[in-house]
Amino acid sequence: MAQNIYDRPEFFAGYSQMARSVHGLDGAPEWPAIRALLPDLDGKRLVDLGCGFGWFARWAKARGARHVLGLDLSRNMIERARADTSDPDVDYVIADLDRLELPQASFDFAYSSLAFHYIEDFDRLVKTVHDALLPGAHFVFTIEHPIYVAPSHPGWSVDVDGRKTWPVNRYSVEGPRTTDWLAKGVLKQHRMLATTLNALIEAGFTIRRVEEWRPTADQVAQAPDLADELERPMMLIVAAQR
């Protein structure tokens, strides 16, 4: 079973105060880049893997999705999503993505935001998603970039000229990484970029687009802290098709 970090009180309290938790999709700087990759959702049946507070599920339903199934390991997340959603065609279920089972050929689109770096058996999950999608269906997800996850001790170092460097070590040694983020002992799974993409290919997906997300100049001007994200990729966005 995956680590259920979001149900730890101190972690959930910190996460709930983040911009993306307070403002939803508009509080996530990567959202414009994701939105540009989404197919037409009108009349489609969707599954949202790691749905969190249900922001994407509600957004998709408001844009014509026929039905959205939101899955998340965290009871806190699911309870909040249910409380904030009144549409009967949006369902939320507690589910461990490492053990996920879905009905075959049941969805027109699969989506996930920043959940897969917690998954140990990514190959199994990708095959499960592939089998659950109808032929031609799309799959769009974001995941923490392997350069961001790889370091044994993540954090910036600053040289005498004030230039920041992000450490990258043990990149080719895949497996668990433990870090302190909002709480101590947060467990993530490091996979090389090639491993992530090849898992999709081997499951039968066609990769349509890969983006190592970075903020635009306008975003940095509006939120100067985002300039750090130009020093190394923090996030990977992948669009694939069954």
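Preceding this section is the structure that the text describes.
From a predicted model like this one, the values you see are computed outputs, not experimental measurements.

### Thoughts on unusual backbone geometry
The residue Ala105 is not glycine, and still its phi comes out positive at about 50°. Relative to the assigned elements, Ala105 resides in the loop between strand 3 (90–94) and strand 4 (107–113). Of note, Arg170 is a non-glycine position whose phi angle comes to about 55°, a positive value. Topologically, Arg170 is positioned in the loop between strand 7 (164–165) and strand 8 (175–179). Of the residues examined, Arg170 reaches a relative accessible area of 43% and is grouped as partly exposed.

### A few points about the environment of Leu97
Relative to the assigned elements, Leu97 resides in the loop between strand 3 and strand 4. A sequence separation of 56 residues divides Leu97 from Leu41, and the C-alpha atoms of the two residues are 23 Å apart.

### Examining the pattern of salt bridges
This structure, assessed with the given rule, holds 10 salt bridges. The structure contains a network of salt bridges with shared partners spanning Lys61, Asp87 and Asp89.

Parameters at a glance
- Residues numbered from 1 in each chain as written.
- Predicted model: local features only at pLDDT ≥ 70, side-chain atom pairs only at ≥ 80, totals over all residues.
- Heavy atoms only, no water.
- Helix = DSSP H or I, 4+ residues; strand = E, 2+ residues; numbered from the N terminus.
- Buried < 20%, exposed > 50% of the residue type's maximum accessible area, 1.4 Å probe, protein only.
- Salt bridge = Lys/Arg side-chain N within 4 Å of Asp/Glu carboxyl O.

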